[in-house]
Amino acid sequence: MSEAAHQVPYIIVESPKGSNQGFQPYGGGLALWKNKDPEVIISGPAETGKTRTALEKLDALMWKYPGAQAIIVRKTYKSLKTSVLLTFERKVLGAWDAKEVRFDQRKTPVQKLGGEHVEGYQYPNGSHIYLGGMDVPDKVLSSEWDVVYVNQAEELTLNDWEIITTRTTGRAGNMPYAQVMADCNPGAPTHWIRARAEKGRLKFIESRHEDNPTLYNPVTHEITEQGKRSLTVLDNLTGVRYLRLRLGKWAAAEGVIYEEFDREVHVINPFPIPPDWIRFRAIDFGYTNPFVCQWWAMDPDGRLFMYREIYMTHRLVEDHARQINRLTQGESIRATIADHDAEDRATLERYGIPTEAAMKAVSLGIQAVQGRMRKSGDGKPRIFIMAGALVEADPILLNDKKPVCTEQEIESYIWIPTKDGKPNKEAPLKENDHGMDPMRYIVAYVDGIHPVEEPIPEQQVYVINDDTEI
């Protein structure tokens, strides 16, 4: 990094833990800990300890090799700062025990770089960990790295991954080996991670719930109380989310509605919306289920881009209205298309957010979205979602392992299965589809789609005799 990058103000991290004292990896986590391949990914269902193990290894490497340079990367910089950093600071840097770690071993604690807006961490031996997102690739490309740790690699494109590998060629030279290390949740069986692993280009390690000592006692192998709670949540998942997050399978949803959806094509890095593009909002009301508000921009060629999203449970509509107004400051919104709930629409109206009733014919809306997802004559689709569009992740949904944004719903949005297991392409399954509704609303509105009214039958005339009719 440049000399200027080292001159940012410091804040001391409370209760530094240092190295891997008191942490013991098991199973797949132990295999990750020992691995020195240039590219390695640990995959597995939710709650197997993948992220914690990767962060502990990263921390240990920084202590072991003075002057080592590392970076933690996620698809977007914003999502990195609200997720993996909490684990790193609370459980790795801040989870020390005086009985296990002699304090005089760490007279100088790890320091935060960048003040309130964290930019990285400096170790007393000259090692550094920086932070980056693939939506701002300059940070990732600005230096040669000894280690790059990618959190939730399934969110990245193959191009993102290959860009990262060009910065870990060994030229940094502060460690005896360079490595791109990542964790991921399983995705579709066609995902580039599986393909790259099958070709032998990266080491693929699988983890299990039994690898996590908070879920299973590593000595007796019996499930713990925390394990019972965690697995109860995962057992309540359904469909493809159960297969991936509970069983750890790389599976595709049966009867998926938007077969055209390709994460590498339809999910794009954010960019500034030009001021002349037309902007819209689409809203689906909810309280126990998520309230969803999507912001969309349309380019001069008619393509739609979702650039911002609220996806939140257990908040009042008036609270959402305040947040919507705050987030929309300085923007001109052509129209806000909303679900038909009269009371909730009236609440938005009181806060200066007039709405238009959405076209709710589900089949027509789905067909319109499918049409936009297909590539047009120029090889591009006509609808996109910007990575990192979510304003904030709902902690309740995170805890329940449910989708926290529209992007996470699409691959599990399926047709209602019939008794023989085949999809009934007449109606979607009403489950984890809260962002799917406003996406249909905005497409139907922009494309001018209206349900075809059934014609009123002509009056039937019944002949009783030659000259009498009723």
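What you are looking at is a predicted structure, and each value in this text was computed from that prediction instead of being measured.

*Asks:* Help me understand the overall build of the protein, please; the structure alone is not making it clear to me.
*Replies:* A count of helical and extended segments in the protein gives 16 helices and 20 strands. A separation threshold of at least 6 residues defines the contact pool for the protein, and within that pool the share at least 24 residues apart is 70%. For the protein, the exposed area adds up to about 22900 Å²; of that, 49% sits on carbon and sulfur atoms.

*Asks:* How do you make sense of the sheet that holds strand β12 (residues 291-298) when you look at a structure like this?
*Replies:* Strands in a sheet are paired, the pairing made by backbone hydrogen bonds, and the direction either parallel or antiparallel. Judged by pairing direction, the sheet is mixed, and its seven strands sit side by side in the order β10-β16-β13-β12-β11-β14-β15 without closing on themselves. Each end of this open sheet is capped by a strand with a single partner; those strands are β10 (267-268) and β15 (356-357). By the bridge criterion, eight bridges tie β12 to strand β13 (residues 304-312) in an arrangement that is antiparallel. If you follow W295 over to β13, its bridge partner there is R308.

*Asks:* What should I look at first to understand the packing of helix α2 (residues 50-64) against helix α4 (residues 84-93) in this one?
*Replies:* For the pair α2 and α4, interaxial distance at closest approach is 10 Å and the crossing angle is 65 degrees. As α2 packs across α4, the resulting crossing turns out to be right-handed. Counting all contacts with α2, which are made through T51, R52, L55, E56 and D59, the residues of α4 involved are V84, T87, F88, K91, V92 and L93. The residue inventory of the contact of α2 with α4, partitioned by class, reads five nonpolar, two polar and four charged.

*Asks:* I would appreciate a short explanation of the nonpolar core in the present structure.
*Replies:* Within soluble globular proteins, side chains that are nonpolar generally end up buried alongside one another. Ranked by size, the top nonpolar core spans 31 residues in total, and within it L58, I72, Y121 and I129 carry the most contacts. Those elements that place two or more of their residues in this core are β2 (39-43), α2, β3 (69-74), α4, β6 (128-133) and β7 (147-150). If one sorts the elements of this core by residue count, α2 sits on top with six residues. Residues in contact with L58, not counting those within four places in the same chain, are A70, I72, I129, V147, Y149 and M181.

*Asks:* Help me understand helix α8 (residues 225-235), please; the structure alone is not making it clear to me.
*Replies:* Structurally, the α-helix is built with 3.6 residues per turn, so residues lying three or four positions apart point the same way. Within α8, the full set of buried residues consists of G227, S230, L231 and L234. The buried residues of α8 occupy an angular sector of 95 degrees when projected down its axis, which confines them to one face. Here the buried face of α8 lies against α9 (239-246).

*Asks:* Looking at this structure, how should I read the pattern of salt bridges?
*Replies:* Two side chains of opposite charge can pair, provided their charged atoms sit close to one another. The full count for this structure, using the stated rule, is 28 salt bridges. The salt bridge involving R194 is made with E198; its shortest N-O contact spans 3.9 Å. Placement of the pair is R194 and E198 together in helix α7 (residues 192-198), with a separation of four residues, close to one helical turn. For R194, a relative accessible area of 21% gives the class partly exposed. Between E407 and R263 there is a salt bridge; the shortest N-O distance is 2.3 Å.

The rules behind these values
Just so you know, the residues in each chain are numbered from 1, in the order the chain's sequence is written. Residues qualify for local features only when their pLDDT is at least 70, as the model is predicted, and side-chain atom pairs are given and counted only at 80 or more; totals for whole chains, interfaces and linings, by contrast, use all residues. The basis for every side-chain value is the complete set of non-hydrogen atoms in the structure, without hydrogens or water. Strands are runs of DSSP state E lasting at least two residues, helices are runs of H or I lasting at least four, and both sets are numbered from the N terminus onward. Should any heavy atoms of two residues lie within 4.5 Å, those residues are counted as being in contact. Note that accessible areas follow from Shrake-Rupley with a 1.4 Å probe, and for residues the cover is restricted to the protein chains shown. Pairing between two strands is assigned when DSSP locates at least 2 bridges connecting them. Helix axes are fitted to C-alpha atoms over the stretch in contact, other axes to C-alpha atoms as well, and angles between N-to-C directions run from 0 to 180 degrees. The crossing is said to be left-handed when, going from far helix to near helix, the turn is anticlockwise and less than a right angle, and right-handed when the turn is clockwise. Gly is placed with the polar residues, together with every amino acid not listed as nonpolar (Ala, Val, Leu, Ile, Met, Phe, Trp, Tyr, Cys and Pro) or charged (Asp, Glu, Lys and Arg). Buried Ala, Val, Leu, Ile, Met, Phe, Trp, Tyr and Cys residues that are joined via side-chain atoms within 4.5 Å together make up what is termed a nonpolar core. Relative accessible area decides the class of each residue, using a 1.4 Å probe on protein chains only: under 20% of the type maximum gives buried, over 50% gives exposed, and in between gives partly exposed. Directions from the helix axis toward the C-beta atoms define the arc. For this analysis, a salt bridge means a side-chain nitrogen from Lys or Arg found within 4 Å of a carboxyl oxygen belonging to Asp or Glu.

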